[in-house]
Amino acid sequence: MIAKIVSAMILMMGIFPFSFLHFFSGKFKTSTGPLAPALYVFGDSLFDSGNNNFIPTFAKSDYLPYGIDFEHGVTGRFTNARTVADFIAEYLGLSYPPPYLSKRELGALTGLNYASGSCGILPETGSKLGKCLNLKDQIVLFKTTIELELERKFKNRDEFSDYLSKSIFIFSIGNNDYMNNYLEKKPEERKEDPQTFAQHLVDKLAIQFERLYDLGARKVVMFELGPIGCLPSITRKKDHNGESQCEEEVNEMIIDFNQRLDVMLKNLTSSLKGSTFVLGHANWLGYDAIKNPSKYGLTDTSNPCCETWKNGTSGCIPFTKPCKERNSHYFFDAFHLTETVCSAIASRCFDDSSVCSPFIKQLVQT
């Protein structure tokens, strides 16, 4: 059903195909080709590369200063340049997976991006901002991609299964289930305590991962939720005597979710034959960068780089000039990371077992 709705939306809005980006870094590309056949991307605005451009929502970044440092300009990425997903694609020797809603036909077998800003694991998350593709929608659209486009490009089922089993699937999802759902409510208005809510999210996420496995995915990387309590959208709403200190109560909620996520991913790896579900430890890495910025070449880990509404607690104001020292800022707007931080997370997950175990470079060899 979702596929039909999206197709109708595309026709009504007169969307033209997005030009496929063929950017290869060559850093990890072998003489025989990419390290993996494809990269499939799922999640929220941390990974969205333009899907929300084609959805009726207020959660958009299809204007400057977003993309100000990106080689291809404004694309709908919620940062100044490349995302974590973009860097991982480069390291794999693949082109950037184009946004699903921008395409008419899959011209290459190197992957797609289904991520959608403001959405989450729960269908109701982000609804105040308009439409978006929640995680279930994204998995359904991947299933549609298989049935209508991918399967017919292979000679037989075994060849197709081999392609899927060697492809990499990455996720960044759940942030908005807190920011645009649970934390929006006053404590007395919440139907569940933080622990129950965290387990509810993990259980729903597990169902979607099992569906993805049934579709053929075998190598999955799920990034932890970051230190949400340190976001300017949260810290700048509190009185910290002029300092944007982290709200550690919120961070504790996120740590509890991440711990439950770790257990779930290990259980899936054990129970689903031939699968590897990797936890990307983005939380401690992100928190360490905030508390020890000089280790990461950062000087500002509290303030948005771009000019925003509401005392620095929103997205970028269109067509305003961002800060000049973008490479030294942690946050680009009140919610999202700069390319510098995205690069740190992606590179460490690709080649460092303290962040991803197995790290992606190992994962492609299994």
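Because the structure is predicted, anything quoted here is derived from the model rather than measured. (Residues numbered from 1 in each chain as written. Predicted model: local features only at pLDDT ≥ 70, side-chain atom pairs only at ≥ 80, totals over all residues. Heavy atoms only, no water.)

J.: Honestly, the pattern of salt bridges in this entry has me stumped. Any pointers?
T.: Close approach of charged atoms allows side chains with opposite charge to pair. In this structure the tally under the stated criterion is 12 salt bridges. A salt bridge links Glu339 to Arg82; its shortest N-O distance comes to 2.6 Å. Of this pair, Glu339 sits in helix α10 (residues 339-351) while Arg82 sits in the loop between β1 (39-43) and α2 (84-92), placing them 257 residues apart in sequence. On the basis of relative accessibility, which here comes to 22%, the residue Arg82 falls in the partly exposed class. We note a salt bridge from Lys128 to Glu184, for which the minimum N-O separation is 3.8 Å. Here the residue Lys128 occupies a position in the loop between α2 and α3 (135-150), and Glu184 occupies one in the loop between α5 (175-179) and α6 (194-215), the gap between them amounting to 56 residues. Overlapping salt bridges bring together Arg82, Glu90 and Glu339 as one network. (Salt bridge = Lys/Arg side-chain N within 4 Å of Asp/Glu carboxyl O. Helix = DSSP H or I, 4+ residues; strand = E, 2+ residues; numbered from the N terminus. Buried < 20%, exposed > 50% of the residue type's maximum accessible area, 1.4 Å probe, protein only.)

J.: What is the right way to read the confidence of the model for the protein from this model?
T.: Where the model shows low pLDDT, its predicted coordinates should not be examined in detail. Looking at the protein, the pLDDT average stands at 91 and 88% of residues meet or exceed 70. Contacts of residues 1-27 to residues separated by more than four positions or lying in other chains number 50 contacts, the stretch itself having pLDDT below 50. (pLDDT = per-residue confidence, 0-100. Contact = heavy atoms within 4.5 Å.)

J.: In this structure, what is going on with the nonpolar core? I would like to understand it.
T.: One broad rule of soluble globular proteins: the nonpolar side chains tend to lie buried together. Grouped together as the largest cluster of nonpolar side chains are 100 residues, with contacts concentrated most on Tyr40, Leu92, Phe142, Phe169, Phe171, Tyr178 and Phe209. With residues near it in sequence (within four places) discarded, Phe209 still touches Phe171, Val220, Met222, Met264, Leu265, Leu268 and Phe277. Counting residues in hydrophobic clusters, the runner-up holds seven residues, among them Tyr66, Cys305, Cys316 and Phe332. (Core = buried A, V, L, I, M, F, W, Y, C linked by side-chain atoms within 4.5 Å.)

J.: Explain unusual backbone geometry here, please?
T.: Backbone phi values are negative for most residues with the exception of glycine, while trans is the configuration of most peptide bonds. In this chain, Leu64 is followed by Pro65 through a cis amide linkage whose omega measures 15°. Mapped onto the elements of the fold, Pro65 is located in the loop between β1 and α2. Here the amide bond leading from Ser357 into Pro358 is cis, since omega sits at -5°, within 30 degrees of zero. With respect to the helices and strands, Pro358 occurs in the loop between α10 and α11 (360-363). Phi at Asn311 takes a positive value of approximately 55°, unusual for a residue other than glycine. Mapped onto the fold, Asn311 is located in the loop between β5 (300-304) and β6 (329-331). Overall, Asn311 belongs to the exposed group, its relative accessible area being 53%.

J.: In this structure, what is going on with the sheet that holds strand β4 (residues 276-280)? I would like to understand it.
T.: Taken together, four strands build an open sheet; the order of strands is β1-β2-β3-β4 and the sheet is parallel. Edge positions in the sheet fall to β1 and β4, since each has one partner strand and no second. Taking the axes of each pair of neighbouring strands and ignoring which way they run, one obtains an average angle of 20° across the sheet. As defined by bridge partners, β1 adjoins strand β2 (residues 168-172) across five bridges and the pair is classed as parallel. From the neighbouring strand, Leu39 faces β2, where its bridge partner is Ile168. α3 rests against β1 and β2 of the sheet, and its axis sits at about 150° to β1. (Pairing = 2+ DSSP bridges. Axes fitted to C-alpha atoms, helices over the stretch in contact; angles between N-to-C directions.)

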